[in-house]
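Single-letter residue listing:
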Amino acid sequence: MLAYTVYSEAGGVGKTTLAANLARAEVRAGRKVLMIDLDTQEASLSYLLDVDEDRDNDQADSLLRHMIDRPRGDFSELIKTSEGIDVIPAHNILEYASKHLRRREEEAADFGETFNPNKQLLRVLREAGVHETYDTLVIDPPATADIKLHNAIHATRHVVIPFEPSGKGYESVQGLDQLVTGLEDNLEIEVGVLAVIPNRYKGMNDQDRFLDELRDDGWELPVTLRERSSMLEGCWAEQCTAFTYVETHRERERDHELDTLEKFDNLSEYIRREKEVPA
Ligand SMILES: Nc1ncnc2c1ncn2[C@@H]1O[C@H](COP(=O)(O)OP(=O)(O)O)[C@@H](O)[C@H]1O
Ligand SMILES: [Mg+2]
């Protein structure tokens, strides 16, 4: 199984947008895809893919319940499907993930058991047979480096990193090595960077200079995603991926939008090749 977390330390750089469209591109390539939304903010993946109706239902089962050994039902019942993508939506209880996981860790310690609070998503996915059932797993974590991110990294061991080639994006890529080594040291595992993706590129000179610097530093930038506000805002309005938006909600095709869709397809193919997984 190909597995990765779409991560960046900065918020609003296009993680969710990229994750959803990469997942859709994987489905287009004939692969069976599972996405996990670990971000409780309103405008998250679960909203974008229109699977967030149970997020504040206290009675509903949730992924976190499975992670702390308090499931209310079968793992398979957590899954909703949107555009051919299987999704485990975010539930508001995830905001308290740290509290519940640490409490469970203490309880386990009292009984002489071990319970690693960072590895519970991995355990749940293994026990559910996700590694055998799916070709691709994509996780959309929150922008904060918390216990949810740690669980995502343990479960995927690979990251795809979008950034804006401007202002804070400059810093976030320069801090990239630190980010990845920080995670590796913290979790005592190796973390692979599958791709670094400039997003919202506008063709400005200082952006070109920055991207050149990154290439000189040895970073490979397989695709650059341009500013596509109209199409991507439309996706949030219609709650769908860009592929569905262009196909269903646009009266005529626009070349620059088709170009961006092709980039999502190319990028997903590039990532598969990076991991050398069969199509
Ligand atoms: N290439 C792009 N061009 C224009 N707007 C974009 C682009 N990528 C993302 N956005 C917009 O930026 C906002 C934040 O994107 P989102 O995917 O929610 O980021 P994050 O998950 O990192 O917070 C959204 O309104 C989204 O439509
Ligand atoms: Mg997001």
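Provided above is the structure to which this section pertains.
All values reported here derive from a predicted model rather than from experimental measurement. (Residues numbered from 1 in each chain as written. Chains lettered and ligands numbered in written order. Predicted model: local features only at pLDDT ≥ 70, side-chain atom pairs only at ≥ 80, totals over all residues. Heavy atoms only, no water.)

Caption draft 1: Representation of the pattern of salt bridges. Under the criterion given, the structure shown has 19 salt bridges. Taking the shortest distance from any N to any O, the salt bridge between Arg 104 and Asp 69 comes out at 2.9 Å. Residue Arg 104 is located in helix α4 (residues 97-110), and its partner Asp 69 is located in the loop between α3 (63-67) and β3 (80-82); the two are separated by 35 residues in the primary sequence. For Arg 104, a relative accessible area of 13% translates into the label buried. Relative accessible area serves as the criterion here: at 33%, Asp 69 is assigned to the partly exposed category. Within this structure, Asp 69, Arg 70, Arg 104, Glu 107, Arg 123 and Glu 127 form a network of salt bridges that share partners. (Salt bridge = Lys/Arg side-chain N within 4 Å of Asp/Glu carboxyl O. Helix = DSSP H or I, 4+ residues; strand = E, 2+ residues; numbered from the N terminus. Buried < 20%, exposed > 50% of the residue type's maximum accessible area, 1.4 Å probe, protein only.)

Caption draft 2: Molecular detail of the pairing of strand β6 (residues 158-163). Counted residue by residue, β6 has six buried out of six residues, so it is predominantly covered. Burial along β6 is two-sided: His 158, Val 160 and Pro 162 facing one way and Val 159, Ile 161 and Phe 163 facing the other are all buried.

Caption draft 3: How the structure looks around the packing of helix α1 (residues 15-28) against helix α12 (residues 242-249). Here α1 crosses α12 at 75°, and the two axes come no closer than 8 Å. By the criterion of interaxial angle, the relationship of α1 to α12 is roughly perpendicular. Contacts between α1 and α12 involve Asn 21, Arg 24, Ala 25 and Arg 28 from the first element and Ala 242, Phe 243 and Thr 244 from the second. In the contact of α1 with α12, the residues fall into three nonpolar, two polar and two charged. (Axes fitted to C-alpha atoms, helices over the stretch in contact; angles between N-to-C directions. Parallel < 35°, antiparallel > 145°, perpendicular 65-115°, else oblique. Contact = heavy atoms within 4.5 Å. Nonpolar A, V, L, I, M, F, W, Y, C, P; charged D, E, K, R; others polar.)

Caption draft 4: Here's a closer look at the site of ligand 1. The full set close to ligand 1 counts 15 residues, and Lys 15, Thr 16, Thr 17, Asn 199 and Arg 228 are the nearest of them. Between an oxygen atom of ligand 1 and a main-chain N or O atom of Lys 15, the distance comes to 2.9 Å. Here Arg 228 contributes a backbone N or O atom positioned 2.8 Å from a nitrogen atom of ligand 1. For ligand 1, whose free accessible area comes to 560 Å², the fraction covered by protein is 89%. Secondary structure elements with two or more residues in the shell around ligand 1: α1 and α11 (229-238). Residue contributions to the shell around ligand 1 peak at four residues, all from α11. (Near = heavy atom within 4 Å. Polar contact = N/O pair within 3.5 Å; in protein donor to acceptor, adjacent residues only side chain to side chain. Areas by Shrake-Rupley, 256 points an atom, 1.4 Å probe, with all protein chains shown as cover.)

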